[in-house]
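Structural characterization, general
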Amino acid sequence: MKPIVSEGAEARIYRTELYGRRILVKRREPKRYRIKELDSSIREYRTRREATALARARSSGASVPRLVGVGRYDLYIEEIKGKTLSSALGIGSGATREAGVQLAILHNAGIAHGDFTPANLILSGKRVYVIDFGLSSLTTGSEERALDLLLMKRQLSRAEYSSFIRAYRSNAAEGNETLARLREVEERGRYQKRTLSNI
Amino acid sequence: MLVLGIESSAHTFGAGVVEAGKVLSNKKAMYEIGTSGMIPKKVAEHHILNANEVIASALSGAGVSVADIEGIAYTKGPGIGSCLQIGQLAAKTLAKKLGIPIVPVNHGIGHIEIARIMANLADPVALYVSGGNSQILKIDAHGKAHYRVLGETFDIGIGNMLDNFARAAGLNPAWGSSVERQAQGGSYISMPYTVKGMDFSFTGILTHAQRQLKLHTKRDVCFSLQETSFSMLCEATERALLLTRSDEICVCGGVAQNSRLKEMLAIVAKDHGARIGYAANEFNADNGAMIAFVGERMLSRGIKASLSKCTIEQRYRIDSAEVVR
Ligand SMILES: Nc1ncnc2c1ncn2[C@@H]1O[C@H](COP(=O)(O)OP(=O)(O)O)[C@@H](O)[C@H]1O
Ligand SMILES: [Mg+2]
């Protein structure tokens, strides 16, 4: 049908036009390994969740793509021109700082992202946009917020993480509580040795 | 090198003999779980009572005598302390008496490596699913090779989840295999589905499934529990496959005996042009041959431990153990 922009673990992204505007469709594709009922309910739930979270994030002042429409498994969203932080060679400190600010805005609005990684952050000019809210939770406790930080900690270099976390801390309303929880999660041992930097 | 491997981390006391990467014998005695589950003290007792006989039958099964053994390997952990101690004691006693080298082995590495080699996989994404463990791993070859954990359960292993459920449902034996049998022909009821990236959790679905027993048939609950929890594993494995750009999946551990899980993972593999591999079921269940298998590789590289360093570690993390490839 339309050109595919990207093919991820869950969704395909197509470019299309709606009322003469160029936008993206994010379509959650069926997974053949799951039985139909379970498959469609997961895809439907995540599509709806992503739409709700995008709307709430935007009204809270976060940089997220504008939501244009929602189908059962389709999300129609504004295309952000730029590059994901995961595809950029070395993430500049401006970008990591901006990522910290964005995550603080989301957490202050009661949204935990659920998959806050450089692959889900788009650098566009000086702004960093957050995408991919399908795994987000809207009733957040410090545990969910801490996991957002942990994902970044695992994937950023030490210097990148330190500028990220400084910006986060000075903008997050419950930053100290979340950081304390992060230490607790790490001490549970599970994650200490995990990093994706060298696979 | 002729190596005897001893496994005793949980319900099974196993002994196996391996030479040049070939399994010559694989014998085990398994604690009868009945409907009440594992009671550590009783399991340890079971191991003490069966150790000699299992080791003797592994030797005779391999057509060797005890004097032929050139090295000993035993499970250091992870596992239940009182159970691990029995295998450790047997291994140290034999090593001392025979004056041969001994090496402690990580239980999880045993599972993954025997499956990986038997299935002829080079560098797969490994899904290791057993009672106490549920992890997605891949070899990290920087420096000394070891398995890196890409994703894992936030709480309990999927095997324990299935066993606990089986007990609540009054299935006999209270095992995952009983859930698989009951699930045949069931219909789907909705259950909590918890995946975060490459991590997952099983306590929510366990509690939910136990409650559903009052409202639905056992068959429907078993079916839905399997479908939902296995889908979680598949989704996380699929992410790991894409992230690492690997083209191989290796599934291993006790729950890898489940044919529905293997069937689902085979679809994941197929849809990404990847190959799936696993060992025969006798090597997915806990066994001594996998310990001998890994032990032989370590001992032939000169990796061994003095008797005083032959400890056990209940929470021996897989990512802290070196893999000899
Ligand atoms: N609004 C957008 N503008 C520009 N590119 C996007 C947008 N949304 C997604 N993409 C691109 O598509 C990729 C996958 O989208 P994402 O929402 O993260 O789905 P997935 O669940 O498959 O990861 C992103 O990494 C990015 O490259
Ligand atoms: Mg994404």
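**Looking at the domain arrangement of chain A**
Residues and elements named next belong to chain A.
- Domain parsing of chain A yields domain 1 (4-78) and domain 2 (83-197).
- Across the contact, 16 residues belong to domain 1 and 18 residues belong to domain 2.
- Both sides together, the interface formed by domain 1 and domain 2 hides about 1400 Å², and carbon and sulfur atoms give 59% of it.
- When the area that domain 1 buries against domain 2 is broken down by residue, the three leading residues are Arg 49, Arg 56 and Ser 63, summing to 40%.
- Inspection of the domain 1/domain 2 interface yields 1 salt bridge.
- In this structure, Lys 26 and Asp 132 form a salt bridge, with 2.8 Å as the shortest nitrogen-oxygen distance.
- Counting the contacts that link domain 1 with domain 2 gives 9 residue pairs in polar contact (both at pLDDT 80 or more).

**Some remarks on the interface of chain B and chain A**
- Taken residue by residue, the interface counts 37 residues in chain B and 25 residues in chain A.
- Looking at the side of chain B facing chain A, the largest losses of area belong to Arg 148, Tyr 188 and Lys 196 of chain B, adding up to 20% of the total buried there.
- Counting every contact that joins chain B to chain A gives 6 salt bridges.
- With a shortest N-O distance of 3.7 Å, Arg 34 of chain A and Glu 235 of chain B are connected by a salt bridge.
- For the pair chain B and chain A, the number of links is 4 residue pairs in polar contact (both at pLDDT 80 or more).

**Some remarks on the coordination of the magnesium ion (ligand 2)**
Residues and elements named next belong to chain A.
- Donor atoms from the polypeptide that bind the magnesium ion (ligand 2) are Asn 120 (OD1) and Asp 132 (OD), placed at 2.1 to 2.2 Å. Residue Asn 120 is found in the loop between helix 2 (93-108) and strand 7 (121-124), and its partner Asp 132 is found in the loop between strand 8 (127-130) and helix 3 (142-155); the two are separated by 12 residues along the sequence. As far as burial versus exposure is concerned, Asn 120 and Asp 132 are alike and both buried.

**Here's the deal with the packing of helix 4 (residues 158-171) of chain A against helix 5 (residues 175-187) of chain A**
Residue and element names in this part refer to chain A.
- Interaxial distance between helix 4 and helix 5 falls to 9 Å at its minimum, and their mutual angle equals 140°. The angle between the axes of helix 4 and helix 5 places the two elements in the oblique class. Contact with helix 4, carried on its side by Tyr 161, Ile 165, Tyr 168 and Arg 169, involves Gly 175, Asn 176, Thr 178, Leu 179 and Leu 182 of helix 5 and no other residues of that element.

**Some words on helix 3 of chain A**
- Given a rise of 1.5 Å per residue, 14 residues ought to cover 20 Å, and the 20 Å separating the end C-alpha atoms of helix 3 of chain A matches this to within 8%.
- All buried positions along helix 3 of chain A are accounted for by Ser 142, Glu 143, Arg 145, Ala 146, Leu 147, Asp 148, Leu 149, Leu 150, Leu 151, Met 152 and Arg 154 of chain A.

**Notes on the sheet that holds strand 2 (residues 11-18) of chain A**
All names here are of chain A.
- What the 5 strands build is an open sheet, ordered 1-2-3-5-4; its pairing is antiparallel. Strands at the two margins of the open sheet, each flanked by one partner only, are strand 1 (4-7) and strand 4 (67-70). The mean angle between the axes of side-by-side strands here comes to 25°, regardless of whether they run parallel or antiparallel.
- Packed onto the sheet, helix 1 (residues 36-59) meets strand 3 (21-28), strand 4 and strand 5 (74-78) and runs at close to 25° relative to strand 5.

**Describing the pattern of salt bridges**
- The final tally for this structure, using the stated rule, is 33 salt bridges over all chains.
- Across the pair Glu 152 of chain B and Arg 317 of chain B runs a salt bridge whose closest N-O atoms are separated by 3.7 Å. Of this pair, Glu 152 of chain B sits in strand 8 (residues 146-152) while Arg 317 of chain B sits in the segment after helix 10 (289-300), and the two are 165 residues apart along the sequence.
- The buried category is assigned to Glu 152 of chain B, whose relative accessible area is 3%.
- Relative accessible area serves as the criterion here: at 23%, Arg 317 of chain B is assigned to the partly exposed category.
- Across the pair Arg 260 of chain B and Glu 263 of chain B runs a salt bridge whose closest N-O atoms are separated by 2.8 Å. With Arg 260 of chain B and Glu 263 of chain B both in helix 8 (residues 259-271) and 3 residues apart, this pair spans about one turn of that helix.
- Exposure remark for Arg 260 of chain B: the relative accessible area of 18% places this residue in the buried category.
- Since its relative accessible area comes to 43%, Glu 263 of chain B is described here as partly exposed.
- Each of Glu 10, Lys 26, Arg 28, Arg 34, Asp 39, Arg 43, Arg 46, Glu 50 and Asp 132 of chain A together with Glu 235 and Arg 239 of chain B takes part in a single network of salt bridges with overlapping partners.

**A closer look at the confidence of the model for chain B**
- Mean pLDDT over chain B: 95, with 100% of residues reaching 70 or higher.
- Prediction confidence for the complex, expressed as pTM and ipTM, is 0.91 and 0.89 respectively.

**Quick notes on the nonpolar core**
- Membership of the largest hydrophobic core comes to 52 residues, with the highest contact counts inside it found for Ile 158, Phe 165 and Leu 233 of chain B.
- Contributing elements (two or more residues each) for this core: helix 1 of chain A together with strand 6 (125-129), helix 4 (158-168), helix 5 (176-183), helix 6 (203-212), helix 7 (218-244), strand 11 (248-252) and helix 8 of chain B.
- If you tally residues by element for this core, the top one is helix 7 of chain B, at 11 residues.
- Those residues in contact with Ile 158 of chain B that sit more than four places away from it in its chain are Val 129, Ser 130, Gly 131, Ser 134, Phe 202, Ser 229, Phe 230, Leu 233 and Val 255 of chain B.
- Leu 103, Leu 106, Ala 146 and Leu 182 of chain A belong to the second largest nonpolar core, which has 39 residues in total.

**A short note on the sheet that holds strand 7 (residues 134-140) of chain B**
Residue and element names in this part refer to chain B.
- Judged by pairing direction, the sheet is mixed, and its 5 strands sit side by side in the order 8-7-6-11-12 without closing on themselves. Every interior strand has two partners, whereas the edge strands, strand 8 and strand 12 (275-277), have only one. Between one strand axis and the next, the sheet turns through 25° on average, direction left out of account.
- One ladder, built from 6 bridges, connects strand 7 with strand 8; its direction is antiparallel. Note on strand 8: the bridge partner recorded for Asp 140 is His 146.
- Taken strand by strand, helix 3 (residues 107-118) contacts strand 6, strand 7, strand 8 and strand 11, and its axis lies near 125° from that of strand 11.
- Sitting on the sheet, helix 8 is in contact with strand 6, strand 11 and strand 12, with an inclination near 170° to strand 11.

Rules used throughout
- Residues numbered from 1 in each chain as written.
- Chains lettered and ligands numbered in written order.
- Predicted model: local features only at pLDDT ≥ 70, side-chain atom pairs only at ≥ 80, totals over all residues.
- Heavy atoms only, no water.
- Domains from an automatic or database assignment.
- Contact = heavy atoms within 4.5 Å.
- Buried area = accessible area lost by both parts, 1.4 Å probe.
- Salt bridge = Lys/Arg side-chain N within 4 Å of Asp/Glu carboxyl O.
- Polar contact = N/O pair within 3.5 Å; in protein donor to acceptor, adjacent residues only side chain to side chain.
- Donors = N, O, S within 2.8 Å, 3.2 Å for Na, K, Ca; no water.
- Helix = DSSP H or I, 4+ residues; strand = E, 2+ residues; numbered from the N terminus.
- Buried < 20%, exposed > 50% of the residue type's maximum accessible area, 1.4 Å probe, protein only.
- Axes fitted to C-alpha atoms, helices over the stretch in contact; angles between N-to-C directions.
- Parallel < 35°, antiparallel > 145°, perpendicular 65-115°, else oblique.
- Expected span 1.5 Å × (residues − 1).
- Pairing = 2+ DSSP bridges.
- pLDDT = per-residue confidence, 0-100.
- Core = buried A, V, L, I, M, F, W, Y, C linked by side-chain atoms within 4.5 Å.

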